Amino acid sequence: MATGMVKSPPSKSRNKSRSRSRSRGRSTGKSSRSASKSPARTKSKSPSRTQSKSPSRSSRTRERTTVVKKEIVVTPTRQSTRIADLVDNEKKVSTRSSELLKSEVRNNMADKKDKAKPAAKTRATEFGGPVGALFITLSLPLVMYYINLACTKTKCTILELPKFPKNIWLLFDMEATLLFFGWLAFQAVLAMIPVGRVVEGLPLPSGKRLKYRCNGFFAFVASLIAFGICVYFNVPLVKMVHAKFFRIMTSAILFSAILSIFLYIKARAVPVTQLAPGGNTGNALYDFFIGHELNPRIGSFDLKFFCELRPGLIGWVILNFIFVLKAYQDTQAFPPALTLVVAFQTLYVADALWFEQWSVVLAIQDAILTTMDIIHDGFGFMLVFGDLAWVPFLYCLQPRFLLDNDPKLAWYSLAGIALLNVFGYMTFRRANSQKNEFRKNPFHPSLADLESIPTSSGKRLLVGGLWGMCRKPNYLGDLMMALAWSLPCGMSLIPYFYPVYFAILLVHRERRDGAQCQKKYGSSWNRYCERVPYRIIPYVY
Ligand code: NDP
């Protein structure tokens, strides 16, 4: 075993350090003694606080506990188990209210700290600095038009310049704009419906933890049901969206630009601790692109969290369904390749939304709340455009291609492609679940056999399981799926744009994340890299 690399210790000592590390995470800035207290202890230490927050709940707790004591004498078996559960639940409720109180106090203190601090500028830039940011901002919308216009019913080639309409207004109209805004408004309403738990994100630089309502999967299912109702009642959605694809796309691009400008202006008024670590250079163009503010909100409505998973991702699935239904309307059949790719992509989106919503409820993992986008990147043009325009209108390229140009692959080719997708999905899911579970509870029994490296921050780095195979096994699985989505399109080059672009994005992202981990973990990260030399593809890269 390499120095500093250990297997997870046996369960007895595990429990101890587990409560210690959890408490430490919650009570930033407190003494180590208080940080090591378990939630139960914290509760008994401050009963008055809990009471003042919810007196009726506490008195109910006392009443029920008294009943419990009496009942134990009467029925010691099944009932006692129920009673124990009851007491346990009451403990949890009471611990949660004391945690909520602590979180309020911490957030209030953080707010005061916010107002006191002077602004600090970011020096290091990414993406080629302001010049790179300008280039990417102008070129990405053009790439979107180029790729989509190059793929038509009659031909799909990257070698010929696609025909841009001479009349620019053919790419924009009011009806398409209203459709786009109607979709955004519908998703915003779904996001605000009080379904799904409200959870705290990771601590911000100020120590504050923002709250998020996680109901993405609910929004997904509600959107599919609403779409089904529209189709059932013959609302001409399929015809309209298919015909106005480019115009809706234009609305999404224009709105992304306007929203990003608004976000930049808004960010100039917020305290420095609310700014993104990488988006505070003082250069307006660069900060606009990277995102000046980390978590812009309107009231309690978190714009980044909303855009990350809802309008774009769910919109992508709805566009795909529109293409499948269009194929059905045209041919009275569901083309196998198109249906297969739409099924793959629906699984991918459903997975993201399922783990956003249910992971928190089942306490399995933090999913989206721990991704780089949420915890590190600001919310600027890069993410706004990616979430609202790029993802829905470019990721549906393969289904749009297959609607018009099905190469009619043999069943065994499709079966092989399906296997690749399943294998990719399993790798992606397992890697993400392993890492998230490890971050939540490094001593979980399912991780007992996995080696890990300690770091000076107190966190450990996994070097066992998939995370010992390469540094980003989750990216590897994602790439396998990307390839499986394009292979059904046969030999045409354009549908392979997605896996090629995605490989470039993930290679760059792995390097960005590696640089951040190097800053966070120093020599431990170097040891990790020595132990796991391959970045994404074992024995290749
Ligand atoms: P990761 O989920 O890999 O998260 C990176 C963080 O994980 C690091 O900063 C570090 O954070 C922690 N980490 C890294 N290595 C280890 C280790 N060995 N052991 C324990 N923790 C480790 O990256 P992303 O947030 O980029 O990706 C999330 C998912 O989203 C991936 O599956 C990716 O493929 C997918 N994705 C999809 C995109 C799309 O357009 N479809 C775009 C981008 C991503 P810390 O130590 O602080 O916990």
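This text follows the structure it describes.
Presented here is an overview of the structure given in this document. Since this is a predicted model, take the numbers as computed values, not measurements.

With that settled, the discussion passes to the pairing of strand β6 (residues 451-454). Pairing geometry for β6 and strand β7 (residues 460-462), over 3 bridges, is antiparallel. Looking at β7, one finds that Pro454 is bridged to Arg460. The loop that links β6 with its antiparallel partner β7 comprises 5 residues; one of these, Gly458, has a positive phi angle of about 100 degrees.

For the rest of this paragraph, the subject is the packing of helix α8 (residues 174-192) against helix α14 (residues 311-331). For the pair α8 and α14, the least separation of the axes is 10 Å and the interaxial angle reads 120 degrees. Comparing their axes, α14 and α8 come out oblique. Judged by the sense of rotation from one axis to the other, the crossing of α8 with α14 is right-handed. Residues Trp183, Leu184 and Gln187 of α8 touch α14, and the partners they reach there are Pro311, Ile314, Gly315 and Ile318. By residue class, the composition of the contact of α8 with α14 is 5 nonpolar, 2 polar and no charged.

Another aspect to go through is the pattern of salt bridges. If you walk through the whole model with that rule in mind, you get 11 salt bridges. Across the pair Arg247 and Asp173 runs a salt bridge whose closest N-O atoms are separated by 3.7 Å. In this pair, Arg247 is assigned in helix α11 (residues 245-267) and Asp173 in the loop between α7 (129-150) and α8, connecting sequence segments 74 residues apart. The partner of Glu451 in a salt bridge is Arg531, and the shortest N-O contact between them spans 2.9 Å. One end of the pair, Glu451, is in strand β6; the other, Arg531, is in helix α22 (residues 523-531), with 80 residues separating them in the sequence. On the accessibility criterion, Glu451 (15% relative accessible area) is buried.

The subject of this paragraph is the site of the ligand. The environment of the ligand is formed by 24 residues, the closest being Arg439, Tyr475, Asp478, Arg509 and Tyr521. Residue Tyr475 places a side-chain N or O atom 2.5 Å away from an oxygen atom belonging to the ligand. For the ligand, the accessible surface in isolation is 920 Å², of which the surrounding protein chains cover 89%. Among the elements of the structure, α19 (411-440), β7, α20 (473-486) and α21 (497-521) are those that each provide at least two residues to the shell around the ligand. Of the residues that constitute the shell around the ligand, the class distribution is 13 nonpolar, 3 polar and 8 charged.

Turning our eyes to something else, we now look at the packing of aromatic side chains. This structure, assessed with the given rule, holds 35 aromatic pairs. On the basis of an interplanar angle of 50 degrees and a centroid distance of 6.0 Å, the ring pair of Phe217 and Phe220 is categorised as tilted. Here Phe217 pairs with Phe220, and both are found in helix α9 (residues 216-232), just 3 residues apart, close to one helical turn. Grouping residues by exposure puts Phe217 and Phe220 together as buried. Here Trp485 and Tyr498 contribute two aromatic rings whose centre-to-centre distance is 5.4 Å and whose plane-to-plane angle is 10 degrees, an arrangement assigned as stacked. Here Trp485 is found in helix α20, whereas its partner Tyr498 is found in helix α21, with 13 residues between them in sequence.

About the cut-offs
- Along each chain, the written sequence defines residue order, and numbers are assigned to residues from 1.
- Where totals are concerned, whole chains, interfaces and linings use all residues; where local detail is concerned, this predicted model gives features only for residues with pLDDT of at least 70, and gives and counts side-chain atom pairs only at 80 or more.
- Values shown for side chains rest on all heavy atoms present in the structure; no hydrogens or waters enter the calculation.
- Should DSSP find at least two bridges between two strands, the strands are regarded as paired.
- By the criteria applied, helices consist of DSSP H or I runs no shorter than four residues and strands consist of E runs no shorter than two, each listed in order from the N terminus.
- The angle between two axes is taken between their N-to-C directions and runs from 0 to 180 degrees, where each axis is a line fitted to C-alpha atoms and a helix contributes only its stretch in contact.
- We call two directions roughly parallel when the angle between them is under 35 degrees, roughly antiparallel when it is over 145, roughly perpendicular when it lies between 65 and 115, and oblique otherwise.
- Should the near helix be turned anticlockwise from the far one by less than a right angle, the crossing is left-handed, and should it be turned clockwise, the crossing is right-handed.
- By the convention used here, residues are in contact when the closest approach between their heavy atoms is within 4.5 Å.
- Just so you know the grouping, Ala, Val, Leu, Ile, Met, Phe, Trp, Tyr, Cys and Pro go in nonpolar, Asp, Glu, Lys and Arg go in charged, and all remaining residues, Gly too, go in polar.
- Salt bridge, as applied in this entry: a Lys or Arg side-chain nitrogen positioned within 4 Å of an Asp or Glu carboxyl oxygen.
- Each residue gets one of three labels from its accessible area relative to the maximum for its type: buried under 20%, exposed over 50%, partly exposed in between, using a 1.4 Å probe on protein chains only.
- Summary of the distance rule: residues count as near a molecule or strand when at least one heavy atom falls within 4 Å of that molecule or strand.
- As used in this structure description, the phrase polar contact means that two N or O atoms lie within 3.5 Å; if the pair is within protein, one of them must be able to donate a hydrogen and the other to accept it, and residues adjacent in sequence are counted only when both atoms belong to side chains.
- Shrake-Rupley sampling with a 1.4 Å probe provides the accessible areas, and residues are treated as covered by the protein chains on show and by no other component.
- When two rings of Phe, Tyr or Trp (its six-membered ring) have centres within 6.5 Å they constitute a pair, described as stacked for plane angles under 30 degrees, edge-to-face for angles over 60, and tilted for the intermediate range.

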